[in-house]
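# Examining the three-dimensional arrangement
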Amino acid sequence: MSTQPSHSQFAALDDLLEEADNWHVNAGDETIHAKRMGGKWRNIKWFSNSIWLLMFFGPYLRWNGQQAILWDIPDRQFHLFNITILPQDLWILALVLLFLAINLLAITAFSGRVWCGFLCFQTVWTDLYTWIEEKFEGTPQQRRKLDKSPVTASKFSKKLGKHTLWLVIAMLTGISFVAWFTDVYVLWSDFFVLQLSSAAWITILMFTAGTYLLAGFMREQVCMWLCPYARIQGAMVDVTTIIPTYDLHRGEPRSRKRKGVSSEQEKSGDCVDCNQCVAVCPTGVDIRQGQQEGCIMCALCIDACDAVMDKVGRPHGLIRYESLNGLEGKACPPLYKQPRLVVTGSIIFAALLGILYGLSSIDAVDLKVLHARQPLYVLQSDGSIQNKYTLKILNKLAADVKVKITATGPAGLKITSNQVVVVQHGTVTPMSVYARVPRKDLMVESQPIIFHIETMDSKEHFSSDRESVFIGPKR
Amino acid sequence: MADKNPFPGENNTGHIWDDNIRELANPIPRWWMLSWWASCAWVVIYVVIYPSFPIGDKAPPGLLGWTQIEEFKEGMAEVEAIRAKYEDQIKGMTAEQILGDAGLSDYTVASVKVLFGDNCAACHGSGGQGAPDFPVIADDDWLYGGGVDKIEESITKGRKGMMPAHGSKLSVEQIDTLANYVVGLSEGKEDPAGKALFMANACFACHGMTATGNQAMGAVNLTDSVWRFTPGGVESAKHTITHGVNFPTDPETREAIMPSFADKLSANEIKKLAVYVYKLGQQ
């Protein structure tokens, strides 16, 4: 081993160290006070933020005398307008989750972290909280100054107002969340007389504390260090993904323009190094350093840069939505030739079809059939073979209903138990059903049998079929 | 280790390897220490409020007075309370009356499954499907009667049938003829020679003139499709005729004993089991 590193090794180290000097990572030791500017993307952001108003006001919607959308956990029912989903239909939820997850993947592959930048509750609530902060404490410069100043009555009142409003919003968030799981009007009245269940109190408390801390204090640190989706989505972006990008070919070398010097004389790029893109960034990153983990792709830097380009008389789009390929002047393959989008698109489509099928095929009366496992069949004294089934009849109607059970299957099939039964409403009624077939009629060991139920006395007529097997001895 | 610390003023411990690798005396992060002290405090709190360490063969009770067995008993009491509204009614009813009430018989079938698994399934199978030498109780063929009262009686008193061994009385050919006759009966065939032997050897005394058995003494019905000893067939019938059932002097005799559960289970439990068994193969 040589004891002295060679000159070239030192040179490589110097490069790394220089990079490390430029490598600015905000580990939460500084508070980002982002400047707020108007613009196209800002307007879009207000619109996308307002989608979350649905979370606050959705529970108040009524349908047929009850809450339109309600996750009734104690009764294990999910009400979606006039559809009632019981745990038996929970496979639909799996498809919904698949649909959402693959959508995240597809949208990110197409246009980056749209979720993070425009829709994520962390981004939206932080945006709202900093907007309130600005109303109470003023511009970013004023806020920084205020933070450093000693406590005065004026500072105290500003801070008190801000934190009070933050806490009110946090608590409303918690209550609105709980309202999806219990009747919202009862929730409010129980809330004011302090009669809520402990589960509701704890959930509201956790959401209040969580909203207040995450949106008020942790802000971009959540995206940088806590959120797994930020990392997952970062890995989905490639050279064809259209994301907010700084056009370095046009911008570099950046220089501060001076009066009286025309751009023809000055051999520099369009970037005037005004730092506005950094000033407006809610996570405090510099887009000009390229794609990076801190960038949530909210496009606010595009607004800032375009405003500056207007001032210096340059065209928009120094920072714009563009793929890395587009930046290098290379063409991207059309969407239908990008395998990731084709595959994810098909999965989304299939999941959507499944969800629609599921929702449209949820019947008011549903039948499930379980064949007895022990014994599979019983030989009767008259030589016939008896099979035992457990029929589970689900009745989502508002009243108990009389149901007739019939079966079609092997020749000579006979049901020996009651064929007319009453099933209770809002639950599953299990019952044993016995079917017999003369042994001489059984040609194969196992053959299909179809159970059919239909309602007898309800105003509307409902029916349901379910296939099972009739099993006999080996021949 | 170096004699003189070559890196003064950086708060190292003086442990230096390979000229420049050294151990610093940085304090443990505060959050870590806080968690550690909180954990220590929790240990003390836990020991005070819960039973936690043994003294002799007991643990100090702890301030909360909590024990596992108490929690178990409370849980069981909760279950009993839920069951009470059915059990209170069932107590004063006969098995027949329980069967007449759809709600109570559903409850009985659901709640007695465990009892059946503990006491009956070892021989009769988890679904009453029987086993070689142990009768199927999910079918409609009953040695001692299939009424729920008869089933209750069978569980309470037990059953022990008896059929004499005929190996010493009959020739091998005669037994062969008889066995074939008996098997033929369940298939609807007639055999005069077999019938003559059946009558001459007083088989009818127990199995009846029409060979349909006698439930008062547990003599099987020979004309139906179900066999007491499975798998059925001529060989099986020959063995039974030759060696009998529960015949004391024949070592190869069939053993068929249903023990009494009167000492093991309460009358109430037996009553509910009878309902369960009754409903294994029918509504």
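Residues numbered from 1 in each chain as written. Chains lettered and ligands numbered in written order. Predicted model: local features only at pLDDT ≥ 70, side-chain atom pairs only at ≥ 80, totals over all residues. Heavy atoms only, no water.

### A word on the side chain of Asp139(B)
Note on placement: Asp139(B) falls in the loop between α5 (121–124) and α6 (148–157). Buried charge Asp139(B) goes without a salt bridge, the closest partner of opposite sign being Arg436(A) at 8.9 Å. A polar contact of 3.2 Å, which involves the side chain of Asp139(B), links it to the backbone nitrogen of Asp141(B). Setting aside its immediate chain neighbours within four residues, Asp139(B) contacts Val378(A), Leu379(A), Gln380(A) and Val226(B). (Helix = DSSP H or I, 4+ residues; strand = E, 2+ residues; numbered from the N terminus. Buried < 20%, exposed > 50% of the residue type's maximum accessible area, 1.4 Å probe, protein only. Lys, Arg positive; Asp, Glu negative; His and termini not counted. Salt bridge = Lys/Arg side-chain N within 4 Å of Asp/Glu carboxyl O. Polar contact = N/O pair within 3.5 Å; in protein donor to acceptor, adjacent residues only side chain to side chain. Contact = heavy atoms within 4.5 Å.)

### Things to note about the state of the cysteines
Residues and elements named next belong to chain A. For the structure shown, the criterion picks out zero disulfides over all chains. Between Cys227, a free cysteine, and Cys120, which holds the nearest cysteine sulfur, the sulfur-to-sulfur gap is 6.2 Å. Cys271 forms no disulfide, and the closest cysteine sulfur to it belongs to Cys274, at a distance of 6.6 Å. Judged by relative accessible area, which is 6%, Cys271 ranks as buried. (Disulfide = S-S within 2.5 Å.)

### So, the domain arrangement of chain B
Domain boundaries in chain B define domain 1 (24–66), domain 2 (69–159 + 261–278) and domain 3 (162–255). Taking only C-alpha atoms into account, the centre of domain 1 of chain B sits 49 Å from that of domain 2 of chain B. (Domains from an automatic or database assignment.)

### Re the packing of helix α6 (residues 121–137) of chain A against helix α8 (residues 153–179) of chain A
In a pair of packed helices, the angle between the axes and the distance between the axes together describe the arrangement. Residues and elements named next belong to chain A. Orientation of α6 relative to α8, taken along the N-to-C sense of each, is 155°, at an axis distance of 9 Å. Between α6 and α8, the crossing angle belongs to the class labelled roughly antiparallel. Between α6 and α8 the crossing geometry is right-handed. Counting all contacts with α6, which are made through Trp125, Leu128, Tyr129, Ile132, Glu133, Phe136 and Glu137, the residues of α8 involved are Lys158, Lys159, Gly161, Lys162, Leu165, Trp166, Ile169, Ala170 and Thr173. (Axes fitted to C-alpha atoms, helices over the stretch in contact; angles between N-to-C directions. Parallel < 35°, antiparallel > 145°, perpendicular 65-115°, else oblique. Left-handed = near helix turned anticlockwise from the far one by under 90°.)

### Section: the sheet that holds strand β11 (residues 401–408) of chain A
All names here are of chain A. Spatially, β13-β11-β15-β16 is the arrangement adopted by the four strands of the open sheet, whose pairing is antiparallel. Only two strands of the sheet have a single partner each, and these edge strands are β13 (420–423) and β16 (463–471). Going across the sheet, the axis of each strand differs from the next one's by a mean of 30°, ignoring polarity. Bridging between β11 and β13 involves four bridges; their strand directions are antiparallel. For Val401, the partnering residue across the bridge sits in β13 and is Val423. (Pairing = 2+ DSSP bridges.)

### Some details on unusual backbone geometry
Peptide bonds are trans in most cases, and residues, glycine excluded, mostly fall at negative phi. Following Gln374(A), the chain continues to Pro375(A) via a peptide bond in cis, the omega torsion being -10°. That bond from Thr230(B) to Pro231(B) is cis: its omega, -10°, falls within 30 degrees of zero. Structurally, Pro231(B) is set in the loop between α9 (204–207) and α10 (234–243). Residues other than glycine seldom take positive phi values, yet Asn275(A) does so here, at roughly 65°. With respect to the helices, strands and loops of the structure, Asn275(A) is situated in the loop between α13 (248–251) and α14 (276–279). Here the phi dihedral of Asp19(B) falls at roughly 70°; this positive angle occurs in a residue that is not glycine. For Asp19(B), the location among the structural elements is in the loop between β1 (12–17) and β2 (21–24).

### Focus on the pairing of β2(B)
Residue and element names in this part refer to chain B. Taken together, the three bridges between β1 and β2 define a ladder with antiparallel strand orientation. Directly across from Ile16, in β2, lies its bridge partner Arg22. Between β1 and β2, which pair antiparallel and follow one another directly, the connecting turn spans three residues, one of which, Asp18, has a positive phi of 45°.

### Examining the nonpolar core
Counting residues in each nonpolar core, the largest one holds 29 residues, and the members touching the most others are Phe116(B), Val148(B), Ile151(B), Ile155(B) and Leu273(B). At the level of elements, α3 (95–100), α4 (102–119), α6 and α11 (267–278) of chain B are the ones that each hand at least two residues to this core. Here the element with the most residues in this core is α11(B); it accounts for seven residues. For Ile155(B), the residues in contact, after removing those within four places along its chain, are Met258(B), Pro259(B), Ser260(B), Phe261(B), Ala262(B), Ile270(B), Leu273(B) and Ala274(B). Listed in part, the 25 residues of the second largest apolar core include Val369(A), Tyr389(A), Leu397(A) and Leu442(A). (Core = buried A, V, L, I, M, F, W, Y, C linked by side-chain atoms within 4.5 Å.)

### A short note on the pattern of salt bridges
Counted according to the given criterion, the structure contains 30 salt bridges over all chains. Taking the shortest distance from any N to any O, the salt bridge between Asp441(A) and Lys440(A) comes out at 4.0 Å. Look at Asp441(A) and you get partly exposed, because its relative accessible area is 25%. On the accessibility criterion, Lys440(A) (63% relative accessible area) is exposed. A salt bridge links Asp176(B) to Lys238(B); the shortest N-O distance between them is 3.2 Å. Residue Asp176(B) is located in helix α7 (residues 172–186), and its partner Lys238(B) is located in helix α10; the two are separated by 62 residues in the primary sequence. Overall, the relative accessible area of 21% leaves Lys238(B) in the partly exposed class. Three or more residues joined by partner-sharing salt bridges are found here, namely Glu133(A), Glu134(A), Glu137(A), Arg143(A), Asp147(A), Lys159(A), Lys162(A) and Arg219(A).

### A short note on a negative patch on the surface
All names here are of chain B. Together, Glu70, Glu71, Glu74 and Glu78 make up a region of like negative charge exposed at the surface. With respect to the helices and strands, the residue Glu74 is situated in helix α2 (residues 68–91). Owing to a relative accessible area of 52%, Glu74 belongs among the exposed residues under this scheme. (Patch = residues over 30% accessible without salt bridge, like charges linked within 9 Å, V, L, I, M, F, W, Y side chains within 5 Å. Areas by Shrake-Rupley, 256 points an atom, 1.4 Å probe, with all protein chains shown as cover. Charge placed at Lys NZ, Arg CZ, Asp CG, Glu CD.)

### What to know about the sheet that holds strand β4 (residues 77–80) of chain A
Residue and element names in this part refer to chain A. An order of β3-β4-β5 is seen for the three strands of this open sheet, with the pairing classed as antiparallel. In this open sheet, the two strands that pair with only one neighbour each are β3 (69–72) and β5 (83–85). Across this sheet, the average inter-strand angle for adjacent strands is 10°, counted without regard to direction. Of the pairings in the sheet, the one linking β3 to β4 comprises four bridges and is antiparallel in character. When the bridges of β4 are listed, Trp71 appears paired with Phe78.

### Things to note about the packing of aromatic side chains
Counted according to the given criterion, the structure contains 28 aromatic pairs over all chains. Geometrically, the ring pair formed by Phe191(A) and Trp201(A) is tilted, given 5.8 Å between the ring centres and 40° between the ring planes. Highlighted residues: Phe191(A) in helix α9 (residues 184–192) and Trp201(A) in helix α10 (residues 198–218), separated in sequence by ten residues. Assessed through its relative accessible area of 15%, Phe191(A) is described here as buried. Each ring, one from Trp36(B) and one from Trp37(B), has its centre 4.9 Å from the other, and the planes form 70°; the classification is edge-to-face. Look at Trp36(B) and you get partly exposed, because its relative accessible area is 40%. Through a chain of ring-to-ring contacts, the aromatic side chains of Trp52(A), Phe56(A), Trp115(A), Phe121(A) and Trp125(A) assemble into a single cluster. Directly above the ring of Phe7(B) sits Arg22(B), whose terminal nitrogen or CZ lies 3.9 Å from the centroid. A cation sits over an aromatic face here: Arg228(B) above Phe229(B), 4.5 Å from the ring centre. (Phe/Tyr/Trp six-rings, centres within 6.5 Å; stacked < 30°, edge-to-face > 60°. Lys NZ or Arg CZ within 6 Å of the ring centre and 35° of its normal.)

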